[in-house]
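What follows is each chain in one-letter form.
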Amino acid sequence: MTDDKALEDGMRAKLVAVKQAWARAGRLLTGSSDVDHSHRLPPGQRLVTNWPVLDLGIQPDVQREEWELTIDGAVVNPTIWRWADFAQQPAFEDVSDIHCVTQWSRYDNHWQGVSTQHLLSVVQPLPGARHVILHSYDGYTTNVRLDHFAEDDCLLAHSHDGAPITREHGGPVRVIIPRYYLWKSAKWLKRIEIVMTDKPGFWETRGYHNEGDPWTEQRYG
Ligand SMILES: Nc1nc2c(c(=O)[nH]1)N[C@H]1C(S)=C(S)[C@@H](COP(=O)(O)O)O[C@H]1N2
Ligand SMILES: [Mo]
C-alpha cells in the first residue's frame, strides 16, 4: 500500500467512526419528531410505543430478597451477589433502544443497574475467556461474545423508566445488551458463566443467528 492510499484509508475510517458516533448519539434524542428513522430504526423493524412481553411461558416469581446471581467460569474471582451486594455496586444508567427479532423496536428506554464493565472488573475474566453464557431462572440461556457483553451500554438492569423491572419483563434483574436483538437480553438473570469456548443458547440452537446484530439483520441462521 502506498502512503497516499494509507492516508486515504485512514481518513475514510475516521469518517466512518464519526458517522457511527452521530448514529449512536441519535439514540439519545427523546421523542422528537425529527428523529431520523433511517438511521435509528434498523432494517425490517417497526416502531412501537408499548412494550410487548415475550418469554417461554414461564415467568419465575423471584423476590429481591431471595434473588441470587452467580458469576463463575473462566474468571479470577468467582462471585455470588445477593440483592444487598448488588445494591452496593456503583450505580449505572443509560438510555437505549430495544430491537426485537419479531420486528418491533422501542426507543429511549431508561435503564438503571450495574454496568457489565464494572461486573467484569470485579470477577476478572481469564486471558482466554471469549464468551458469556447467560442463565435464567426459567431455564433460558443465551450466549454473547465477551467483547459485546463488555460494551459501554450493557448492564444488569433492575429498573426501567424509573420503576423496578416488573416480573413479566424479567425482574428483579435482567441483562440489557442494546446493540443486539433483545433475545440476547436475558430476563430473570441467575448466572453469568464466562467461558473460553462458545455454547449456543436456547434460541441460538433453534435457528436464531449466533450473534444477532439488528443493523445487518442477523435474525436467523
Ligand atoms: N429468561 C428469559 N429471558 C429472555 C427470554 C426468555 O424466554 N427467558 N426471551 C427473550 C426474547 S426472545 C425476547 S424478545 C426478550 C423479550 O423481553 P420482554 O418480554 O421484556 O420484551 O427477552 C429475551 N430474554
Ligand atoms: Mo424474541
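Before going into details, it helps to say that this report is about the structure given with it. (Residues numbered from 1 in each chain as written. Chains lettered and ligands numbered in written order. Predicted model: local features only at pLDDT ≥ 70, side-chain atom pairs only at ≥ 80, totals over all residues. Heavy atoms only, no water.)

**A word on the pairing of strand E3 (residues 79-82)**
Residues of E3 alternate between two faces, with Thr79 and Trp81 buried on one and Ile80 and Arg82 left unburied on the opposite face. Note: strand E2 (residues 68-73) against E3, four bridges, orientation antiparallel. Counted as the bridge partner of glutamate 68 is arginine 82 from E3. Taking the residues between adjacent antiparallel strands as the criterion, E2 and E3 are bridged by five residues. (Buried < 20%, exposed > 50% of the residue type's maximum accessible area, 1.4 Å probe, protein only. Helix = DSSP H or I, 4+ residues; strand = E, 2+ residues; numbered from the N terminus. Pairing = 2+ DSSP bridges.)

**Regarding the site of ligand 1**
Around ligand 1 lies a shell of 20 residues, among which Pro52, Asp138, His169, Arg174 and Lys187 are the nearest. Between ligand 1 and tryptophan 51 there is a distance of 3.1 Å, counted from an oxygen atom to a side-chain nitrogen or oxygen. Measuring from an oxygen atom of ligand 1, one finds a backbone N or O atom of leucine 56 at 3.3 Å. Its free accessible area being 530 Å², ligand 1 has 98% of it covered by the protein chains. (Near = heavy atom within 4 Å. Polar contact = N/O pair within 3.5 Å; in protein donor to acceptor, adjacent residues only side chain to side chain. Areas by Shrake-Rupley, 256 points an atom, 1.4 Å probe, with all protein chains shown as cover.)

**A closer look at the side chain of glutamate 193**
Following the sequence through the fold, glutamate 193 ends up in strand E11 (residues 189-195). You can call glutamate 193 buried: its relative accessible area is 10%. Within the structure, the side chain of glutamate 193 is placed 2.8 Å from the side chain of histidine 135, a separation counted as a polar contact. Separated by 3.1 Å, the side chains of glutamate 193 and lysine 199 make a polar contact.

**A look at empty space enclosed by the protein**
Tallied over the entire structure, the rule returns one cavity of 30 Å³ or more. There is about 50 Å³ of room inside the largest cavity. As for the largest cavity, its lining consists of Ser96, Asp97, Ile98, His99, Trp111, Ile176, Ile177, Pro178, Tyr180, Leu182 and Ser185. A per-element tally of the lining of the largest cavity places strand E4 (residues 92-99) first, with four residues. By residue class, the composition of the lining of the largest cavity is seven nonpolar, three polar and one charged. (1 Å grid on protein atoms, 1.4 Å probe; cavity = no way out; pocket = protein on both sides within 12 Å on 5 of 7 lines; lining within 4 Å. Points joined across faces, edges and corners; volume = space filled by probe spheres on them. Nonpolar A, V, L, I, M, F, W, Y, C, P; charged D, E, K, R; others polar.)

**Things to note about the layout of surface pockets**
By volume, the second largest pocket is sized at about 330 Å³. Around the second largest pocket sit 23 residues that line it, and Leu54, Asp55, Tyr140, Trp183 and Trp203 are the ones nearest its centre. A per-class count over the lining of the second largest pocket returns 15 nonpolar, four polar and four charged.

**A closer look at unusual backbone geometry**
Here the residue pair glycine 171 and proline 172 is connected by a cis peptide bond, since its omega of 10 degrees sits within 30 degrees of zero. Within the fold, proline 172 resides in the loop between strand E9 (163-164) and strand E10 (174-176). With a phi angle near 55 degrees, glutamine 124 is a residue other than glycine that sits in the positive phi range. According to the relative accessible area criterion, glutamine 124 is partly exposed, its value standing at 38%.

**Brief notes about helix H4 (residues 116-123)**
The set of residues buried in H4 consists of Thr116, His118, Leu119, Leu120 and Val123. Of the surrounding secondary structure, the elements contacted by the buried residues of H4 are E2, E3, strand E5 (104-115), helix H5 (146-149), strand E8 (155-160) and E11. Where H4 ends, the next residue or the one after it, glutamine 124, has phi of about 55 degrees, a positive value. (Contact = heavy atoms within 4.5 Å.)

**Some points on a nonpolar patch on the surface**
Taken together, the side chains of Val76, Leu126 and Met196 present a nonpolar region at the surface, about 250 Å² in accessible area. Leucine 126 gets classed as partly exposed once you look at its relative accessible area, which sits at 33%. (Patch = residues over 30% accessible without salt bridge, like charges linked within 9 Å, V, L, I, M, F, W, Y side chains within 5 Å. Salt bridge = Lys/Arg side-chain N within 4 Å of Asp/Glu carboxyl O.)

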